[in-house]
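Each chain is listed here by its residues.
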Amino acid sequence: MMQDKEPSICEENVYNELFRKYYEPVTKYIYYKCGNLHQAEDIVQNVFIKIWKLCATIMYSKAKSYIYSASKHSFLNEVAHEKVVLKHKKTIEESTDYESPDFLIEIDEFRMKLKEAINTLNPKEKEVFLLSRVEDKTYKEIAEITGLTVKAIERRMSKALRELREMLGAHIKV
């Protein structure tokens, strides 16, 4: 008895079919997260390049999930990088205010602790936190993006804030 074998993503026609089927919906999904069509297109194009390079290791039946997950992960990495760039820029601006070097060191140390604390959050809470606090999305917008209810978003945000307060100290306003 012979089992049906999954198509190989390494075959150009199979790869092209995946691209035609998922490029647009995944690009829209990432666009809804970032609000920048150019950025969303770049992210999804890079994921498809990665898929072509790793085609032998990705099962056809798992391709859709891989495309969405890799795109979301790439987006979150870009958000984290943008935060670091913005914080660095802000530190430079603050240093022109002639703050004491000790104060600037404390600010940098806190930013590092905050970044580390955010990175230790559960991915679900981290996503909601970054969409809310970095992307300035409302809970309703986040619910639409993630396909969850507003109540679920509120619970995730509450949990994220509670965990950050525990890690950073109750006196910190997150």
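See the structure above.
What you see is a predicted model; the values in this text were computed from it and never measured. Note that residues are indexed from 1 along each chain, following the sequence as it is written. Local features are withheld for residues below a pLDDT of 70 in this predicted model, meaning they are given only at 70 or higher, and side-chain atom pairs are given and counted only at 80 or more; totals for whole chains, interfaces and linings count all residues. Side-chain figures throughout are based on the complete set of non-hydrogen atoms in the structure, without hydrogens or water.

This part takes up helix H5 (residues 123-133). Burial classification: accessible surface area is computed with a 1.4 Å probe over protein chains only, and a residue below 20% of its type maximum counts as buried, one above 50% as exposed, and the rest as partly exposed. Secondary structure elements are taken from DSSP: a helix is a run of H or I of four residues or more, a strand is a run of E of two residues or more, and numbering for both begins at the N terminus. Burial analysis of H5 places 8 of its 11 residues in the buried class, the great majority of the element. Of all the positions in H5, only Glu125, Lys126, Glu127, Val128, Phe129, Leu130, Leu131 and Ser132 are classed as buried. As used in this structure description, the phrase polar contact means that two N or O atoms lie within 3.5 Å; if the pair is within protein, one of them must be able to donate a hydrogen and the other to accept it, and residues adjacent in sequence are counted only when both atoms belong to side chains. At the N-terminal end of H5, a side-chain oxygen is found 2.7 Å from the backbone nitrogen of Lys124, two or three residues along, and the residue is Asn122.

A cavity, in this analysis, means grid points on a 1 Å lattice covering only the protein atoms where a 1.4 Å probe fits yet has no way out; a pocket is instead an open set bounded by protein on both sides within 12 Å along at least five of seven lines, and a residue lines either one if it has an atom within 4 Å of a point. Grid points are joined across faces, edges and corners, and a volume is the space filled by probe spheres set on the points. Volume-wise, the second largest pocket comes out at about 180 Å³. Those elements that provide at least two residues to the lining of the second largest pocket are helix H3 (63-95) and H5. In terms of residue count, H3 provides more of the lining of the second largest pocket than any other element does, 6 residues in total. Put simply, Ala, Val, Leu, Ile, Met, Phe, Trp, Tyr, Cys and Pro go in the nonpolar bin, Asp, Glu, Lys and Arg in the charged bin, and everything else, Gly too, in the polar bin. A class-by-class count of the residues in the lining of the second largest pocket yields 3 nonpolar, 4 polar and 4 charged.

To continue, consider the environment of Tyr22. Inspection of the secondary structure puts Tyr22 in helix H1 (residues 12-34). Expressed as a C-alpha distance, the spacing of Tyr22 and Ala63, which sit 41 residues apart in the sequence, is 9.6 Å. When checking whether two residues touch, look at their non-hydrogen atoms; a contact exists if any pair is within 4.5 Å. Those residues within four positions of Tyr22 in sequence are excluded, and the remaining contacts are Phe48, Lys64, Ile67 and Tyr68.

It is worth spelling out empty space enclosed by the protein at this point. For the structure on display, the rule yields 1 cavity of 30 Å³ or more. Taken as a whole, the largest cavity holds about 80 Å³ of empty space. Every residue along the wall of the largest cavity is listed here: Ala80, Lys83, Val84, Lys87, Lys115, Ile118, Asn119, Lys126 and Leu130. Looking at the lining of the largest cavity, the elements with two or more residues in it are H3, helix H4 (101-120) and H5. If one sorts the elements of the lining of the largest cavity by residue count, H3 sits on top with 4 residues. In terms of residue class, the lining of the largest cavity is built from 4 nonpolar, 1 polar and 4 charged.

This part is about the pattern of salt bridges. Just to be clear on terms, a salt bridge is a Lys or Arg side-chain nitrogen sitting within 4 Å of an Asp or Glu carboxyl oxygen. Throughout the structure, instances matching the rule amount to 6 salt bridges. Here Glu163 makes a salt bridge to Lys159, at a shortest N to O gap of 4.0 Å. With Glu163 and Lys159 both in helix H7 (residues 150-168) and 4 residues apart, this pair spans about one turn of that helix. Here the residues in one salt-bridge network are Lys33, Lys72 and Glu127, joined through shared partners.

What follows concerns the environment of Leu37. Residue position: Leu37 is located in helix H2 (residues 37-53). Given a relative accessible area of 46%, Leu37 falls into the partly exposed group.

So, about the side chain of Ser132. Note on placement: Ser132 falls in helix H5. Not counting chain neighbours up to four residues away, the residues in contact with Ser132 comprise Lys137, Tyr139, Ile142 and Met157.

Moving on to the state of the cysteines. Cysteine sulfurs are considered disulfide-paired once they come within 2.5 Å of each other. The final tally for this structure, using the stated rule, is 1 disulfide. Between the sulfur atoms of Cys10 and its disulfide partner Cys55 the distance amounts to 1.9 Å. In this structure, the disulfide formed by Cys10 and Cys55 twists by about 100° around the S-S bond and is classed as right-handed. Taken together, the residues span a long stretch of sequence, with Cys10 in the segment before H1 and Cys55 in the loop between H2 and H3 at a distance of 45 residues. With a relative accessible area of 32%, Cys10 lands in the partly exposed category. Using a relative accessible area of 12% as the deciding quantity, one classes Cys55 as buried.

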